[in-house]
Amino acid sequence: MVTFSNGLIPGENWFKFIEMISAKTDGRWFFRGQGDASWALQPSAGRDDKLGGAAYRKGDEKALFSEFQREAVRFHPEITTDLELLALAQHHGLPTRLLDWTDNPLVAAWFACRHYDDGKPVVIHMIHSCRDHIDAKPQFDPFDENMADVLLVRVPLRAARITAQQGLFSLHSDPSVAWDPSRSTKIIDAYERLDVPHDEKAFFFRMLHIFGVNDARMMGGLDGVCDTLAVSYRSR
C-alpha cells in the first residue's frame, strides 16, 4: 500500500479515473462532476429544491429569465444573445435549463470532490458526443418549442470566459425530467460514470491541487486564491 507524504492513501478509484480518462482523448468526450452520487442529471430550473413546492411551469421559467435579462444588461451590455445570457445566469446561480459540462476531466473531478469532508459519495459523468463540433447559431433560441429533448451547446468565448467549465452545456427542453445520457443516442453514443466513495475524495482533491486544479483557478478572485493557500497551509 502506498502512503503519500501528506498521510493520504490513494484508493482504487483514483487509478481507475486516470485509466478511464487516458482513453478519452478524441476531443468529443465531456465530463461533469456532481458532489452527491444520488443526484440526477437534472437542471436546476426543474428541481424540487428550487421550485419551492410549486410545479414546474415553462412560463414561470421564461418570466424568470426575462427579469434576469432586464437586470443583466446593466452589468454586461456586451452579452446580448439569449444563450449567452442564459449561460451568464447559470454562472451566477439563477435556476436555468442548463447543466455545465467540461472537456477537462480534472475540472469535473474537482467539482465532484471539492467538499471532500462532507461524508458524501460523488460521481463523475462522462459522455461522448456524436458530433465533432458543438456550437449554437448566434440567434439560437434556448426556449424553442421545437427543440430536441436535450442538446449540447457551447457559448461564444466572450461569455465562456466568465464560466468555470469553458462554456459547454447540455440544454434541456424540459428541466423537470432527469436526463439519462445512455438513451440520448442522437447526440450521445457512449456514456460512463465513475462513483467515488466519500473516503477517497480527499486524495482526489489533494492530487488535483498538485495538478493546479484548485480554487484559485476555478473560482477566481482573492477568495479563490485564499482558499487555495489555505489548502496548502493545511497540507504542509
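In case you missed it, the structure is sitting above this.
Now for a description of the structure that goes with this document.

Conventions used here
All residue numbers refer to position in the chain's written sequence, counted from 1. pLDDT decides what is reported in this predicted model: residues at 70 or higher carry local features, side-chain atom pairs at 80 or more are listed and counted, and totals for whole chains, interfaces and linings draw on all residues regardless. Here the side-chain values reflect all heavy atoms present in the structure, with hydrogen atoms and water set aside. Per the convention used, a helix needs a DSSP run of H or I reaching at least four residues, while a strand needs a run of E reaching at least two, with both numbered from the N terminus. By the criterion applied in these results, polar contacts are pairs of N or O atoms within 3.5 Å in which, for protein atoms, one can donate a hydrogen and the other can accept it, and in which residues neighboring in sequence qualify only through two side-chain atoms. Residue contacts follow a heavy-atom distance rule, with two residues in contact if any of their heavy atoms lie within 4.5 Å. Think of it in three bands: with a 1.4 Å probe and only protein chains considered, a residue is buried below 20% of the maximum accessible area for its type, exposed above 50%, and partly exposed in between. By the convention used here, strands pair only if DSSP detects at least 2 bridges between them. Throughout, an axis means a line fitted to C-alpha atoms (over the contacting stretch in the case of helices), and angles, computed between N-to-C directions, take values from 0 to 180 degrees. Between the first and last residue of a helix there are one fewer steps than residues, each counted as 1.5 Å, and that sum is the expected span. Read the arc as the range of directions from the helix axis to the C-beta atoms. Stacked, tilted and edge-to-face pairs are distinguished by plane angle, under 30 degrees for stacked and over 60 for edge-to-face with tilted covering the rest, among Phe, Tyr and Trp rings (Trp via its six-membered ring) whose centres lie within 6.5 Å. Over a ring means this: the NZ of a Lys or the CZ of an Arg is within 6 Å of the ring centre and within 35 degrees of the ring normal.

Structurally, the position occupied by His128 is in strand β3 (residues 122–129). For His128, the side chain forms a polar contact with the side chain of Asp26, separated by 2.7 Å. Side-chain polar atoms of His128 contact the side chain of Asp189, separated by 2.5 Å. In contact with His128, not counting residues within four places along its chain, are Asp26, Arg28, Trp29, Ile187, Ile188, Asp189 and Ala190.

The buried fraction of β3 is high, at eight of eight residues. Side chains Val122, Ile124, Met126 and His128 project from β3 onto one buried face, and the interleaved Val123, His125, Ile127 and Ser129 project onto a second face that is buried too. Bridge count between strand β1 (residues 29–34) and β3: six bridges; the pairing is antiparallel. Paired with Gln34 across the two strands is Val123, which belongs to β3. Looking at chain direction, β3 and strand β6 (residues 188–196) are connected through eight bridges and run antiparallel. Note on β6: the bridge partner recorded for Val123 is Asp195.

A few words now on helix α7 (residues 201–210). Of all ten residues in α7, eight are buried, a share of seventy percent or more. Along α7, the residues classified as buried are Lys201, Phe203, Phe204, Phe205, Arg206, Met207, Leu208 and His209. Note on α7: the residue one or two positions beyond its end, Gly212, has a positive phi of about 90 degrees.

Along the polypeptide, His125 turns up in strand β3. Separated by 2.7 Å, the side chains of His125 and Tyr191 make a polar contact.

Here we take up the sheet that holds strand β2 (residues 98–101). Hydrogen bonds between backbone atoms are what pair the strands of a sheet, whose relative direction is either parallel or antiparallel. With antiparallel pairing, three strands are arranged side by side in an open sheet as β2-β5-β4. What marks the edges here is a single partner per strand, and that holds for β2 and β4 (150–154). Strand-to-strand twist across the sheet, computed as the mean angle between neighbouring axes with direction ignored, equals 30 degrees. With four bridges connecting them, β2 and strand β5 (residues 168–172) associate as antiparallel partners. Counterpart to Asp100 in the pairing with β5 is Phe169.

Here we come to helix α3 (residues 58–72). Compared with the 21 Å implied by 1.5 Å per residue over 15 residues, the 21 Å span of α3 between its first and last C-alpha is a close match. Listed in full, the buried residues belonging to α3 are Glu61, Phe65, Phe68 and Ala72. Down the axis of α3, the sector holding all buried residues measures 55 degrees, keeping them to one side. Facing away from the buried side of α3 by over 90 degrees, the exposed positions are Gly59 and Arg70.

Applying the stated criterion to the full structure yields nine aromatic pairs. For the ring pair Tyr116 and Phe205, a centre distance of 4.8 Å and an interplane angle of 35 degrees mean the geometry is tilted. With Tyr116 in the loop between α5 (105–113) and β3 and Phe205 in helix α7, this residue pair connects regions lying 89 residues apart in the sequence. What makes Phe205 buried here is its relative accessible area of 8%. Members of the aromatic cluster, connected to one another through ring pairs, are Trp14, Phe17, Phe203, Phe204 and Phe211. Above the ring of Trp29, the side-chain terminus of Lys24 is found at 4.6 Å from the ring centroid.

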